[in-house]
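Per-entry structural report
So you can see what is in the structure, the chains are spelled out below.
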Amino acid sequence: MLIGLDLSAAFDTVCHQTLLQRLQTEFGVSETALSWIRSYLTDRKQFVKLGQHKSPETKLEVGVPQGSVLGPLLFADYCSPATDVIASPHGVRYHQYADDTQLHLAMRADITASGLSVLAECTADVKLWFMQNGLQLNPDKSEALINGNSQPATGSILSVVGEGRWR
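Predicted model, so just to flag it, every value in this text is computed and none were measured.

**Some points on the overall build of the protein**
- Scanning the protein from terminus to terminus reveals 6 helices and 10 strands.
- Residue pairs at least 24 apart in sequence account for 65% of intrachain contacts in the protein once pairs closer than 6 positions are excluded.
- Here the protein displays about 10,000 Å² of accessible surface, and carbon together with sulfur accounts for 53% of that area.

**Concerning the packing of aromatic side chains**
- Counted according to the given criterion, the structure contains 2 aromatic pairs.
- Note on F11 and F75: the rings are 5.0 Å apart at their centroids and 10° apart in plane angle, and the pair reads as stacked. Taken together, the residues F11 in the loop between β1 (2–8) and α1 (16–27) and F75 in helix α3 (residues 70–79) connect sequence positions 64 residues apart. Neither residue differs from the other here; F11 and F75 are each classed as buried.

**Points about the pairing of strand β7 (residues 100–104)**
- Every second residue of β7 is oriented toward a common face, the buried set being T101 and L103 and the non-buried set D100, Q102 and H104.
- One ladder, built from 5 bridges, connects β1 with β7; its direction is antiparallel. Residue I3 lies in a different strand from β7, and its bridge partner there is L103.
- Here strand β6 (residues 93–97) runs beside β7; their pairing, made up of 5 bridges, is antiparallel. Bridged to Y97 within β7 is D100.
- Adjacent in sequence and paired antiparallel, β6 and β7 are bridged by 2 residues, among which A98 carries a positive phi angle near 50°.

**Some points on the pattern of salt bridges**
- On inspection of all chains with the given rule, the structure shows 1 salt bridge.
- Residues K59 and D43 are paired through a salt bridge, measuring 3.5 Å at the closest nitrogen-oxygen approach. Pair noted here: K59 is in strand β5 (residues 58–59) and D43 is in the loop between α2 (31–41) and β2 (45–46), with a separation of 16 residues, a long-range link.

**Notes on the nonpolar core**
- In terms of nonpolar packing, the biggest core is built from 35 residues, with L19, L23, V64, F75, L103, F130 and L135 touching the most fellow members.
- Listed by contribution, the elements that provide at least two residues to this core are β1, α1, α2, α3, α4 (82–90) and α5 (112–132).
- Top contributing element to this core by residue count: α5, with 6 residues.
- Discounting chain neighbours no more than four positions away, the residues touching F75 are L7, A10, F11, V14, V64, A98, D99 and L135.

**Let's talk about the layout of surface pockets**
- Looking at the second largest pocket, its volume works out to about 170 Å³.
- As for the second largest pocket, its lining consists of F11, D12, R44, Q46, L60, E61, V62, G63, V64, P65 and Q66.
- A breakdown of the residues in the lining of the second largest pocket according to their chemical character gives 5 nonpolar, 3 polar and 3 charged.

Parameters at a glance
- Residues numbered from 1 in each chain as written.
- Predicted model: local features only at pLDDT ≥ 70, side-chain atom pairs only at ≥ 80, totals over all residues.
- Heavy atoms only, no water.
- Helix = DSSP H or I, 4+ residues; strand = E, 2+ residues; numbered from the N terminus.
- Contact = heavy atoms within 4.5 Å.
- Areas by Shrake-Rupley, 256 points an atom, 1.4 Å probe, with all protein chains shown as cover.
- Phe/Tyr/Trp six-rings, centres within 6.5 Å; stacked < 30°, edge-to-face > 60°.
- Buried < 20%, exposed > 50% of the residue type's maximum accessible area, 1.4 Å probe, protein only.
- Pairing = 2+ DSSP bridges.
- Salt bridge = Lys/Arg side-chain N within 4 Å of Asp/Glu carboxyl O.
- Core = buried A, V, L, I, M, F, W, Y, C linked by side-chain atoms within 4.5 Å.
- 1 Å grid on protein atoms, 1.4 Å probe; cavity = no way out; pocket = protein on both sides within 12 Å on 5 of 7 lines; lining within 4 Å.
- Points joined across faces, edges and corners; volume = space filled by probe spheres on them.
- Nonpolar A, V, L, I, M, F, W, Y, C, P; charged D, E, K, R; others polar.

Next comes the structure, spelled out in structure tokens:
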């Protein structure tokens, strides 16, 4: 079974202080490199321009720039502790890239119910971790895929993520 979790406006909600702390404590980024990243994130502003009209500038207190080389890397660093929630207590395999997380678990047909239960618990824990870190799952873009026999998924997985697409 594979569960694809997608985050809503994920790059826009990254807390700068938390990101800088994680870069320092978990990845050993320090001194000059940490100052560069802090400078890169500090005093960013945005505005909307439509034709000749321009809105006032707004200072950005959170978020990492999208469309930059550093954006996905900084976001991955910000989300790196989520892997502990996935792997350690649940033993579920995962892949992460930017704002997409895939959880996958191989299971035998005779233990499907227990495998689905593990994935449901893991998904609930990941969803909670995301919420505690200012991130929110996008149920419209989250998916579950069961490959194997034709038994339908139970409601336990589906109810944890929301009303996404289920195949």
